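# Per-entry structural report
Here is how the chains run, residue by residue.
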Amino acid sequence: MRLRRYRLAMSAVLMLGAGALALPGSATAATNTFIYNKRPPVPKPPKDKNANNGQMLVKALEINYDYNNNRVAAVGNVQIYYNGSTLEADKVIYDQKTKRLHAEGNVRLTEADGKVVNANLLDLSDDYRDGFVDSLRLNTPDETRMSAARADRSNGDITIFQSGTYTACAPCRDHPERPPLWQVKAARIIHNKTEQMLYFEDAKVEFFGHPLAYLPYFSTPDPTVKRKTGFLMPWAGYNSYTGYSAEIPFYWAIAPNYDMTISPRITSRQGVLGQIDFRQRLVNGAYEIRGYGIHQEDPDAYAGQVGDRNWRGGLDSNGQFALNDKWVAGWTAVLATDNRFFSDYKLGPYKNPLGSFLLTPTEGISQVYLTGVGNRSYFDIRSIYYYGFNAADVQKQIPIVAPVVDYNNVLGHNLLGGEFSYKGNFVNLTRGQANFDAISGKAQAEAVALANPAIVPSSCLSADPMARSNCVLRGVPGDYTRLSGEAQWRRSFTDPIGQIFTPFVSVRGDLINANVANDPNLAGYIAPGNHQEARLMPAVGLEYRYPFINVQPWGTTTIEPIAQVIIRPNEQKAGQLPNEDAQSLTFDDTNLFSVNKFSGWDRVEGGGRANVGVQATTQFDRGGTVNVLFGQSYQLYGLNSYAVQSLTNTGLDSGLDKPASDYVGRVAYSPNKIFSLTTRFRLDEATMDIKRFETEGRANFDRWSVSLLYGKYAPQPELGYLTERQGLLGTGSFKLAANWQVSGGLRYDIANSKVNQYIVGAGYVDDCFLLAVNYVTDYNYTTIGSIAPVTDHRVMFQLGLRTIGGTSISQNVSSSTQ
């Protein structure tokens, strides 16, 4: 409670009633106006705190003056205005002898900063520094509420609430007499305005009016404080490696623009884990640095794993700064003594395992970058170091990228009547050791038996390039540099009958330097030494569309045949050079009409090709749409880039590796804003067998939402998928009430008849309270040399009270090896 200073002095104006009353000795004693210093009456209350120049304005039905006792009484709908604050009551008495102001009956004090005090009785000194309030109810602008049987204020900044309550929850709209969702009841609540602190003595935390926790003493910053030095809510957890854990964060508000959090975590099995988190905000950006360290008392708990060591620690950081309205620069950094440190102690990227649903971080990224965005252009340069988080990762097999540069621009004016754009890419990377990936059953079995991903299975090695059917070379050791650029022009013409012709021309060039390390395991894959190549890929093409529109009373249907013809030479050195950024290729409806279907710059599609298909869209007048796409791609002449056996076999088993590709299609149906169903498929060109099939349904109602994705994928032995894959991924949430919600998700492996990852949870969330319980599974590689993932099962409990703080408890239930 804060009480403004109302000094009742001879210069104040006290009046405005229905009649008038005169100053003693005045000739107008019959009026209802009471004026000091004979100032003119004020017609209405001031609108701002400076409007009355420090004068107090009083409005009441009547004003009485007791000459004998030197008292002034305002009675009936009393309103007193002073410096932006308003005091309302049934009756207000000012005693000039004791210099106290006494208000009673429906007292309401609205302060200039928005605080509202309700009471039955209010008694204050004339300067409002000291006083007491009976039956207090206090509402603040940040929607916190306090009440007390009595409140006493002394020294102008210390208020003591006797038998007080505190809550940040709004009262029930329909039943305001009911207890709030949570509140703290205390024998005494002390508010120190200077310190901006609330101190609770002999306190109980109540939920729905029932006490659940007793605290002899605790303190917290008052609601006006956004940053305050002090202890934060603790955290607790348990797992078999560290035992029971408790974390007690201490927040240090060093300055208005930077602070630090020191969070020692005490574990029963491994000792104390130190954590320091430093943050600073500058004029044009902000950065954060977090450091961790522990001397493990029982490293044998991690026997056979990378965590079996005495000293473990890590560092992670991020920052970003705006150079101007178009350019930003920043960094992220991850450093640790071992790649399982963050996971074992749930730090850094693992701090909030629910942040990415059903996803576990697989790597840490250290990078520096500079990015610029224009109206029609984009530039990005960054250097990247990937830090593998799996025990199966071999760091020397992961490339260091320094740097990669991307730039693209679309001219803001037409060139020869069409759109002209250009883009470029530069990359330089280094890898210390070759990265082989076993793709045959023999090589996979041998890799498991070796139990060491750094050792290349002998079945992967062959001097005969045509016999490389056991492994692919995912990463070439040595240095790799490439500079690429591409320019494109396209223009559309529409003839009188509605046919749309879009000719396009493009030219792409690459300069490549690959300095392959001398590794005997590379025999049959790529020759060691320096490889320098220059590639040029010009292309001329034409796209044809002819939309037919049919309008009916029930809706509009558009049927659009599409054909695309591309003329160009063969890909140079197809599949013979390192492939770092174009290893992923999925042929489906999204890239049927792409001129280059490779995902990156290291491969480029060559040879003549035709892409044909038909698209139909129906828009119903009463809402809802249906969209259908079906098509196929043809290699017209020359070398089919997707049929080339390469270091990574990219393109093989893709459906594009034959003269006439597989059929691809899409069916999407959305009857309204609630439901949607999308199906994508790829059918074998000769047999019509399903090679790839995905269907996803979504429903979103007011109280619940659900999604289910079914996928079925045929074997792709050239890429290492020897058996059919089939699975379900489902998510759902249901709002039990306005603030109660249950949610969950799972991934089910149909081929192996098991659920391999899931999360279920329930929680309550509103503007003042958070309560959540989650059961989570995730998996990772933990044992040195093992390629079998270990699945962890954890229970997480989260509790948050607005303005007080939050805490969480996490406990491992079990671990199992798949």
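For the structure, see preceding data.
Calculation notes
- Residues numbered from 1 in each chain as written.
- Predicted model: local features only at pLDDT ≥ 70, side-chain atom pairs only at ≥ 80, totals over all residues.
- Heavy atoms only, no water.
- Helix = DSSP H or I, 4+ residues; strand = E, 2+ residues; numbered from the N terminus.
- Contact = heavy atoms within 4.5 Å.
- Areas by Shrake-Rupley, 256 points an atom, 1.4 Å probe, with all protein chains shown as cover.
- Disulfide = S-S within 2.5 Å.
- Buried < 20%, exposed > 50% of the residue type's maximum accessible area, 1.4 Å probe, protein only.
- Polar contact = N/O pair within 3.5 Å; in protein donor to acceptor, adjacent residues only side chain to side chain.
- Salt bridge = Lys/Arg side-chain N within 4 Å of Asp/Glu carboxyl O.
- Patch = residues over 30% accessible without salt bridge, like charges linked within 9 Å, V, L, I, M, F, W, Y side chains within 5 Å.

## Considering the overall build of the protein chain
When its secondary structure is counted, the protein chain shows two helices and 46 strands. The contacts in the protein chain between residues at least 6 apart in sequence include a share of 52% that link residues at least 24 apart. Carbon and sulfur atoms form 57% of the exposed surface of the protein chain, whose accessible area is close to 39600 Å².

## With respect to the state of the cysteines
All chains considered together, the criterion is met by two disulfides. Bridging Cys169 to Cys768, the disulfide has an S-S length of 2.0 Å. One disulfide, between Cys169 and Cys768, carries an S-S torsion of 85° and so falls in the right-handed class. Of the two residues, Cys169 is situated in the loop between strand S9 (158-167) and strand S10 (182-192) and Cys768 in the loop between strand S43 (754-765) and strand S44 (769-780); the sequence distance between them amounts to 599 residues. Across the pair, exposure class does not vary: Cys169 and Cys768 are buried alike. With a sulfur-sulfur separation of 1.5 Å, Cys460 is cross-linked through a disulfide to Cys471. Taken together, the positions of Cys460 in the loop between helix H2 (441-450) and strand S28 (471-475) and Cys471 in strand S28 put the pair eleven residues apart, joining distant regions of the chain. Note on accessibility: Cys460 and Cys471 belong to one class, buried.

## Points about unusual backbone geometry
The residue after Ala402, namely Pro403, is reached through a cis peptide bond having omega -5°. Within the secondary structure layout, Pro403 lies in strand S25 (residues 400-410). The residue Phe208 is not glycine, and still its phi comes out positive at about 55°. Among the secondary structure elements, Phe208 is positioned in the loop between strand S11 (197-207) and strand S12 (210-221). Residue Phe208 is classed as exposed on the basis of its relative accessible area of 51%.

## A short note on H2
One side-chain oxygen of the residue at the start of H2 lies 3.2 Å from the amide nitrogen of Ala443, identifying that residue as Ser440. Phi for Ala451, located one or two positions after H2, is positive at around 50°.

## Thoughts on the pattern of salt bridges
Per the stated rule, a full pass over the model turns up 38 salt bridges. Notably, a salt bridge pairs Arg482 with Asp581, separated by 3.5 Å at the nearest N-O pair. Taken together, the positions of Arg482 in strand S29 (residues 478-490) and Asp581 in the loop between strand S34 (555-567) and strand S35 (608-620) put the pair 99 residues apart, joining distant regions of the chain. The partner of Arg698 in a salt bridge is Glu696, and the shortest N-O contact between them spans 2.9 Å.

## Considerations on the environment of Gln645
Assignment of secondary structure puts Gln645 in the loop between strand S36 (625-637) and strand S37 (663-670). Its relative accessible area of 28% is what places Gln645 among the partly exposed residues. It is 9.9 Å that separates the C-alpha atoms of Gln645 and Val472, two residues lying 173 residues apart in sequence.

## Here's the deal with a nonpolar patch on the surface
Judged by side-chain polarity, Val505, Val540, Val565, Ile567, Tyr634, Leu636 and Tyr637 come together as a nonpolar surface patch covering roughly 570 Å² of accessible area. Sorting the residues of the nonpolar patch by element identifies S34 and S36 as the ones contributing at least two each. If one sorts the elements of the nonpolar patch by residue count, S36 sits on top with three residues. With respect to the helices and strands, the residue Leu636 is situated in strand S36.

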